[in-house]
Structures are given as structure tokens and as C-alpha cells.
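For reference, the chains in residue letters:
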Amino acid sequence: MKRGDGRKKDELRNVRMEVGVLKRADGSAYVEWGNNKVFASVYGPREVIPRFLARNDRAILRCKYNMTPFSVEDRKRPGPDRRSVEIGKVTAGALEPAVILETYPNSMINVNIEVMQADAGTRCAGITAATLALVDAGIPMRDLVSACAAGKANDGIILDLSKEEDNKGQADIPMAIMPRSEEVTLLQMDGILTEDELEEALKLAVGGCKSIYELQKNALMAKYGE
Ligand code: ADP
């Protein structure tokens with residue numbers, strides 16, 4: 001099967017990552033994933049505001065996902081909407097198992113994801129960037145979190161759907177894992193797949209996450225290595 005951009009069915013788009021790109025954040029990262037351009041920044045651990053949210057046994061992790069008005073083809077109305085609130089929530093859920101929150105009782109860690117350019121797969125790019133930003137902020141982690149989607153378009157099961165494939169696609173399954181244990185921390189799906197197709201797509205997505213994991217480690221080595 002031939003894909004619009006010439007990729008093989010199990011091939012990622014070009015992915016580039018950089019750690020520590022924003023001077024005033026405690027931690028930050030930039031991920032370019034195909035035509036997606038995403039910044040993640042981490043502030044904290046810091047005092048919890050409002051204070052009643054504080055937990056005396058661990059930190060709380062909050063994630064905000066935002067798309068700039070110029071990130072999509074038709075200008076997007078600025079500010080939060082249903083979709084961005086949902087993605088912020090599932091991103092927090094995807095990251096939380098990896099963060100050793102018990103290290104910082106009574107504090108909060110804020111993760112901000114800014115999508116500067118969107119082209120399908122922004123939640124996976126955001127989770128991938130946020131993980132690097134958490135490490136850059138010096139927050140203790142059990143493992144990295146690596147994300148990638150697989151799905152179905154033109155009747156084929158494929159890795160990392162492009163915008164074009166997503167638009168006329170038959171299914172999209174974003175996934176995030178902690179690669180060392182293969183524990184799944186995010187799994188969503190829209191569309192319809194048979195059981196066999198689902199199994200094939202999940203296999204592809206796990207493989208994609210592991211490739212992303214290698215790139216994350218390289219990006220961290222480039223900043224902190226040796
Ligand atoms: P993801 O970016 O994680 O794949 P979706 O499946 O919800 O999330 O969105 C797919 C793509 O659709 C986005 O990456 C973006 O290119 C586009 N998109 C999302 N929301 C909007 C919007 N409000 N206006 C225009 N395009 C959008």
C-alpha cells in the first residue's frame with residue numbers, strides 16, 4: 001500500500017526534539033513531528049494555588065493543552081474549548097504514572113503544552129514533549145512516557161496518521177506507554193476496527209512509541225549526555 005507522503009505503513013513522520021529551549025521555564029522541550037510544532041514547559045514544583053487542592057502525601061500534576069489561533073488551517077478561536085480541556089486531562093493521566101509525585105508533598109507541577117502548528121497527532125507530540133520538559137525540570141521519573149498513534153486509512157493499518165490520512169481515515173488510536181515496562185498510560189480510539197485490525201494497530205503503535213523513546217533518549221543525551 002502506498003501512502004500519500006510515500007511512507008511505509010510502519011514509518012513515522014520525521015521527528016525532531018530539543019530539550020531546554022525556554023530560558024524562564026523550569027523545564028522545556030520542543031518537538032517537531034511532521035508538520036506539528038509543539039512546545040512543552042514545566043513550572044514547579046511550587047506552592048499549590050488554590051491551597052485546598054494540596055495533597056500532603058504527594059504533588060499534584062496539572063496539564064494545560066492549548067492550540068494557537070494560527071496553528072490550524074482556519075483560524076481557531078483563542079482560548080480553551082472542550083477538545084483542549086479533554087486533551088489536557090488525558091495528558092495529565094498519561095504522564096502521572098511516570099512522575100514520582102511523592103517526592104514533593106504539598107506542591108504542584110504545571111505542564112503547559114502549546115501547539116504552534118497542528119497537523120494530526122498533536123496530543124502524542126505534546127505528551128512526548130512534556131515528558132522531556134519534566135526531565136529537564138529535574139522532576140524524578142520512573143520512566144519516560146513515549147506516545148504515538150496508529151490507525152486505519154485507505155483500508156490499511158498504518159502508523160502515525162498524517163492530517164490527510166486522519167481526515168479521511170477510518171480509525172485513529174493515540175497511545176502512550178512507559179517503554180521499559182510497556183505499561184499503557186493513554187489509549188484512545190475513534191473509528192471502527194475489527195479485532196484483528198485493532199491488534200495490528202496496537203502493535204504498530206507500541207513500535208512507534210518505542211522509536212519515539214529512542215529519539216527522546218537521544219534528545220536528553222544531546223543536552224545532558226556524558
Ligand atoms: P490530535 O492532534 O491529537 O490528532 P485530533 O484527532 O482531535 O487530535 O485532531 C486532529 C487534527 O485536527 C489536529 O492535529 C489539527 O490539525 C486538526 N484540528 C483539531 N482541532 C481543530 C480546530 N479547532 N480547527 C481546525 N483544525 C483542528
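Residues numbered from 1 in each chain as written. Predicted model: local features only at pLDDT ≥ 70, side-chain atom pairs only at ≥ 80, totals over all residues. Heavy atoms only, no water.

### With respect to the overall build of the protein
- Looking only at helices and strands, the protein features 4 helices and 10 strands.
- Ordered by position from N to C terminus, the α and β elements of the protein give β-β-β-β-α-β-α-β-β-α-β-β-β-α.
- Here the C-alpha radius of gyration of the protein, 17 Å, is about what a compact globule of 226 residues would show, namely 17 Å.
- Across its three principal directions, the C-alpha atoms of the protein cover 50 × 40 × 35 Å.
- Counting over 226 residues, the protein shows a buried share of 49%. (Helix = DSSP H or I, 4+ residues; strand = E, 2+ residues; numbered from the N terminus. Rg over C-alpha atoms; globule rule 2.2 N^0.38 Å. Buried < 20%, exposed > 50% of the residue type's maximum accessible area, 1.4 Å probe, protein only.)

### Quick look at unusual backbone geometry
- Across the junction of G44 and P45, the peptide omega takes the value 0 degrees, indicating a cis bond.
- With respect to the element layout, P45 can be found in strand β3 (residues 36–47).
- Between I49 and the following residue, P50, the backbone shows a cis peptide bond with an omega angle of -5 degrees.
- Following the sequence through the fold, P50 ends up in the loop between β3 and β4 (60–67).
- Here N106, not a glycine, exhibits a phi torsion of approximately 55 degrees, which is positive.
- Structurally, N106 is set in the loop between α1 (82–95) and β5 (107–117).

### Thoughts on the site of the ligand
- What surrounds the ligand is the set M67, V72, K76, R83, A118, D119, A120, G121, T122, R123, K163 and D166.
- Separating an oxygen atom of the ligand from a backbone N or O atom of A118 is a distance of 3.5 Å.
- In this structure, an oxygen atom belonging to the ligand sits 2.8 Å away from a main-chain N or O atom of G121.
- Considered on its own, the ligand offers 530 Å² of accessible surface; in the complex 74% of this is hidden by protein.
- Residue classes in the shell around the ligand are distributed as 4 nonpolar, 2 polar and 6 charged. (Near = heavy atom within 4 Å. Polar contact = N/O pair within 3.5 Å; in protein donor to acceptor, adjacent residues only side chain to side chain. Areas by Shrake-Rupley, 256 points an atom, 1.4 Å probe, with all protein chains shown as cover. Nonpolar A, V, L, I, M, F, W, Y, C, P; charged D, E, K, R; others polar.)

### Considering the environment of T103
- Tracing the backbone shows T103 in the loop between α1 and β5.
- T103 sits in the partly exposed class, given a relative accessible area of 38%.
- Counting along the chain gives 45 residues from T103 to R58, while the straight-line C-alpha distance between them is 6.6 Å.
- Here I100 takes part through its backbone oxygen, which lies 2.7 Å from a polar atom of the side chain of T103.

### Some remarks on the pattern of salt bridges
- Per the counting criterion, the structure on display carries 17 salt bridges.
- Its salt-bridge partner being D160, residue R7 comes within 3.5 Å of it at the nearest N-O pair. In this pair, R7 is assigned in the segment before β1 (15–19) and D160 in the loop between β7 (156–159) and α3 (163–167), connecting sequence segments 153 residues apart.
- Classification of R7 as buried rests on a relative accessible area of 7%.
- The class of D160 is buried, set by a relative accessible area of 2%.
- When the shortest N-O distance is used, the salt bridge between R13 and D160 registers 2.8 Å. Placement of the pair is R13 in the segment before β1 and D160 in the loop between β7 and α3, with a sequence separation of 147 residues. When sorted by exposure, R13 lands in the same class as D160, which is buried.
- Because the salt bridges share partners, they merge into one network encompassing R3, D5, R7, R13, D160 and E165. (Salt bridge = Lys/Arg side-chain N within 4 Å of Asp/Glu carboxyl O.)

### Points about the pairing of β5
- Examined bridge by bridge, β3 and β5 share 9 bridges and lie antiparallel to one another. By the bridge assignment, A40 is partnered in β5 with I113.
- Where β4 and β5 come together, 8 bridges link them in parallel fashion. Bridge pairing in β5 links M67 to V115.
- For the crossover that starts at β4, traverses α1 and ends in the parallel β5, the hand is left-handed. (Pairing = 2+ DSSP bridges. Right-handed = clockwise from strand over helix to strand, strands pointing away.)

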